[in-house]
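Residues per chain are reported as follows:
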Amino acid sequence: MWEIDRKKCLRCGACVGVCPKLALELKESGINHDEKLCIECGLCKRICPMGAIKVEEGM
Amino acid sequence: MIKMDNEYDVIVVGAGPAGSAVAEKCALGGLKVLLLEKRQEIGSPKRCAEGISVSTEKMFGDLPEKCVAKRINGCIIYAPNKKNVVIEYGEHGGYVVERKILDKWLATRASIAGAHVRAKTEVTDVIKEQGFVKGVKAESGGERFEIRTKLLVAADGMESFVARKAGMETTNQLVNVDSGFQYEMASLKLKDPDKIEIFMGSEVAPRGYVWIFPKGNNTANVGIGIAMAEKPAKNYLDKFIEDNPDIFGDAGILEVNSGGIPVGGFLKNMVDNGLVVVGDAAHQVNPIHGGGLKEASMAGKIAGEIIIRAVKNGDVSKKALSEYNQVWWKERGHALERVQKLREVVEKLNDDELNMLAENLSGKEIIEFTRGKKLLNLGKLLIKKPRLMKLAKKLF
Ligand SMILES: Cc1cc2nc3c(=O)[nH]c(=O)nc-3n(C[C@H](O)[C@H](O)[C@H](O)COP(=O)(O)OP(=O)(O)OC[C@H]3O[C@@H](n4cnc5c(N)ncnc54)[C@H](O)[C@@H]3O)c2cc1C
Ligand code: SF4
Ligand code: SF4
């Protein structure tokens, strides 16, 4: 399960740069997440300076 | 919408310092250039502490006064035990710039050189035909369109989404990215408002540091860059501010910034058929201090020159463009790779070892190290500690 707290997110794109699956995209409206591409690896959560992302890491 | 042409020699994605440098260079070389930026305002919000050295300033060439917030004459580095090393820059001073103004000025220069510049225009996909990049899909204010190009420059920063859409592997490895968070603050009580300050220590900033970059009038960028930490970067900075009421007791917050900083993992290959990657998108940042403005501007110029030749010769193949790899590695890559080694060593030092370095190193030596020079001297100092023997050998 991947979740973002949009009130915390500063739209900096750090998460986009580490996502190995191109599942994230930074739009003017905020982060877009493609759940079909996401493998729930949690890398985006670990880089986020704001702690805005929650991932229940898959196996 | 202001009309764009349907076809260009070069489309540059991202109007940061890297993109604007390539666009300006190519336009001056006589190419028809389009510079696209997805943000509504070039340079804002900033993802930067805005510190540059004189050598960077010279590279921009005649930096207008309006781009400079504050001149800097040195740096104070605090070891974990609060002992400090003072580095006097002397005549080689530094600057804290105003990115919002600097980035717009760099894009203005690209425009004056003849490039078409378009903010609030996002590249959403890359068009490839027979193994060559041939154009982009873009979107502006809800309107979607396609534009053709002979060559695409991915200067889209840390996200590096466009290069990856085009099929290049530029994903940042977690160990090679700093998580950055920063406040621009007012009413600070700075120890020396003409010097930048750096605070190190495993509690303050694991595998990184806290910075204070003064911007004049008791304002400053106060930030942190850390790697692989337990908690989000913001938590560490908030704690640092709370623990230092002598500096921050009356402080106000003017702006909040965050961002990822590529600090290693340089790419052997930064080109493909009809594609060139520059700046943060190609991880071109100094791994020890995270400065990317100089690298972006240098790489932009190197890439520009090679692109002009390739387009004029009608050969934008990976082979023709690979000269950019060679020149960049010769001029920047090898030196930066030495700096990456330095980073890999410094990251592993514990607080006692950092304290020991602060006791034994001069400011001059530290500056040399950050340029990838004289690392042997550091190696010799570290190798005296049995625990560090293996690590220190990286520097020999
Ligand atoms: C917290 C922090 C502090 C830093 N401090 C310093 C410092 O003190 N000194 C220093 O020299 N460097 C510093 N850096 C690094 C520096 O900011 C970067 O290296 C520099 O901005 C890189 O320039 P660039 O042009 O490659 O990328 P950027 O400046 O990031 O520009 C990329 C541009 O591309 C745009 N873009 C992305 N995708 C698209 C798309 N699909 N379509 C259109 N446009 C797109 C983005 O909106 C952005 O404007 C810092 C970085 C951070 C995060
Ligand atoms: S890294 Fe965090 S703050 Fe930055 S864009 Fe991603 S979710 Fe938002
Ligand atoms: S969990 Fe992994 S795959 Fe999913 S969005 Fe985050 S980085 Fe990408």
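Located above this text is the structure these notes cover.
Residues numbered from 1 in each chain as written. Chains lettered and ligands numbered in written order. Predicted model: local features only at pLDDT ≥ 70, side-chain atom pairs only at ≥ 80, totals over all residues. Heavy atoms only, no water.

## Remarks on the pairing of strand β10 (residues 132–140) of chain B
Residue and element names in this part refer to chain B.
No. 1: Pairing geometry for strand β9 (residues 122–129) and β10, over seven bridges, is antiparallel. Of the residues in β10, the one forming a bridge with E129 is F132.
No. 2: In this antiparallel pair of consecutive strands, β9 and β10, the connection spans two residues, and Q130 shows a positive phi of 45 degrees.
No. 3: Note: β10 against strand β11 (residues 143–154), six bridges, orientation antiparallel. Counterpart to V136 in the pairing with β11 is I147.
No. 4: Counting the residues in the hairpin turn of β10 and β11 gives two residues, including G141, whose phi is positive at 55 degrees. (Pairing = 2+ DSSP bridges. Helix = DSSP H or I, 4+ residues; strand = E, 2+ residues; numbered from the N terminus.)

## A look at the site of ligand 1
Residue and element names in this part refer to chain B.
No. 1: Looking at ligand 1, there are 35 residues lining it, with A18, E37, A49, G51 and D280 nearest.
No. 2: One nitrogen or oxygen atom from the main chain of L293 is found 3.0 Å from an oxygen atom belonging to ligand 1.
No. 3: For the shell around ligand 1, the elements supplying multiple residues, two or more each, are α1 (17–28), β9, β14 (209–216), β16 (252–262) and α7 (293–313).
No. 4: Examining the composition of the shell around ligand 1, we find that three residues originate from one element, β16, more than from any other.
No. 5: Partitioning the shell around ligand 1 into residue classes produces 15 nonpolar, eleven polar and nine charged.
No. 6: Shared between two domains, the shell around ligand 1 takes at least three residues from each, and those domains are domain 1 (7–46 + 100–172 + 265–321) and domain 2 (72–95 + 174–262). (Near = heavy atom within 4 Å. Polar contact = N/O pair within 3.5 Å; in protein donor to acceptor, adjacent residues only side chain to side chain. Nonpolar A, V, L, I, M, F, W, Y, C, P; charged D, E, K, R; others polar. Domains from an automatic or database assignment.)

## Here's the deal with the nonpolar core
Residue and element names in this part refer to chain B.
No. 1: Core analysis: the largest hydrophobic core is formed by 63 residues, its most contacted members being I307 and Y324.
No. 2: Broken down by element, this core gets its largest block of residues, nine residues, from α7.
No. 3: Setting aside chain neighbours within four positions, we find Y324 in contact with M270, V271, V276, V277, V278, Q284, A299, I302, A303 and I306.
No. 4: Counting residues in each nonpolar core, the second largest holds 34 residues, with C75, V96, I196 and I198 among its members. (Core = buried A, V, L, I, M, F, W, Y, C linked by side-chain atoms within 4.5 Å. Buried < 20%, exposed > 50% of the residue type's maximum accessible area, 1.4 Å probe, protein only. Contact = heavy atoms within 4.5 Å.)

## Things to note about the interface of chain B and chain A
No. 1: Between chain B and chain A, the contact holds 29 residues from the first and 22 residues from the second.
No. 2: Summing both partners gives a buried area of about 2,100 Å² for chain B against chain A, and 60% of it is carried by carbon and sulfur.
No. 3: Between the two partners, chain B and chain A, sit two salt bridges.
No. 4: Here K27(A) makes a salt bridge to E122(B), at a shortest N to O gap of 2.9 Å.
No. 5: Mapped onto the side of chain B that touches chain A, the elements with two or more residues apiece are β9, α4 (161–165), β12 (177–186), α5 (233–243) and β16 of chain B.
No. 6: Taken together, the residues of the side of chain B that touches chain A sort by class into nine nonpolar, ten polar and ten charged. (Buried area = accessible area lost by both parts, 1.4 Å probe. Salt bridge = Lys/Arg side-chain N within 4 Å of Asp/Glu carboxyl O.)

## Topic: the site of ligand 2
No. 1: Near ligand 2 you find 13 residues, and of these C9(A), C12(A), G13(A), C15(A) and C48(A) are the closest.
No. 2: Looking at the shell around ligand 2 residue by residue, the class counts come to eleven nonpolar, one polar and one charged.

## Topic: the sheet that holds strand β3 (residues 51–53) of chain B
Residues and elements named next belong to chain B.
No. 1: The antiparallel open sheet is built from three strands, whose spatial order is β3-β7-β4. Of all strands in the sheet, those with a lone pairing partner are β3 and β4 (68–72), marking the two edges. Ignoring strand direction, the axes of neighbouring strands in this sheet form an average angle of 30 degrees.
No. 2: As judged from the four bridges shared by β4 and strand β7 (residues 94–97), these two strands associate in the antiparallel manner. (Axes fitted to C-alpha atoms, helices over the stretch in contact; angles between N-to-C directions.)

## Re unusual backbone geometry
Residue and element names in this part refer to chain B.
No. 1: S44 connects to P45 through a cis peptide bond whose omega is -10 degrees.
No. 2: Mapped onto the secondary structure, P45 falls in the loop between β2 (33–36) and β3.
No. 3: Although it is not a glycine, Q130 adopts a positive phi angle of roughly 45 degrees.
No. 4: With respect to the element layout, Q130 can be found in the loop between β9 and β10.
No. 5: For Q130, a relative accessible area of 76% translates into the label exposed.
No. 6: A positive phi angle, close to 60 degrees, is found at N217, a residue other than glycine.

## Side note on the packing of aromatic side chains
Residues and elements named next belong to chain B.
No. 1: By the definition in use, this model includes eight aromatic pairs over all chains.
No. 2: A centroid spacing of 4.5 Å and a plane angle of 0 degrees characterise the contact between Y78 and F199, whose relative ring orientation is stacked. Of this pair, Y78 sits in strand β5 (residues 74–78) while F199 is found in strand β13 (residues 195–199), placing the two residues 121 residues apart along the sequence.
No. 3: When its relative accessible area of 8% is taken as the criterion, Y78 is described as buried.
No. 4: Each ring, one from F266 and one from W328, has its centre 6.0 Å from the other, and the planes form 50 degrees; the classification is tilted. Taken together, the positions of F266 in the loop between β16 and β17 (271–272) and W328 in helix α9 (residues 323–346) put the pair 62 residues apart, joining distant regions of the chain.
No. 5: When its relative accessible area of 10% is taken as the criterion, F266 is described as buried.
No. 6: A connected cluster of aromatic rings, assembled from ring pairs, spans Y78, F199, F240 and F248.
No. 7: Taking the ring centre of W105 as reference, the NZ or CZ of R109 above it sits at 4.7 Å.
No. 8: It is K231 that lies over the ring of Y236; its NZ or CZ is 4.9 Å from the centre. (Phe/Tyr/Trp six-rings, centres within 6.5 Å; stacked < 30°, edge-to-face > 60°. Lys NZ or Arg CZ within 6 Å of the ring centre and 35° of its normal.)

## Observations concerning the environment of D351(B)
Residues and elements named next belong to chain B.
No. 1: Its location among the elements puts D351 in helix α10 (residues 351–360).
No. 2: Classification of D351 by relative accessible area gives partly exposed; the value is 24%.
No. 3: Distance from D351 to E203, taken between C-alpha atoms, is 9.1 Å for residues 148 residues apart in sequence.
No. 4: Sequence-distant contacts of D351, that is, excluding residues within four places in its chain, are made with P80, G201 and S202.
No. 5: Among the polar contacts made by the side chain of D351, one reaches the side chain of S202 at a distance of 2.9 Å.

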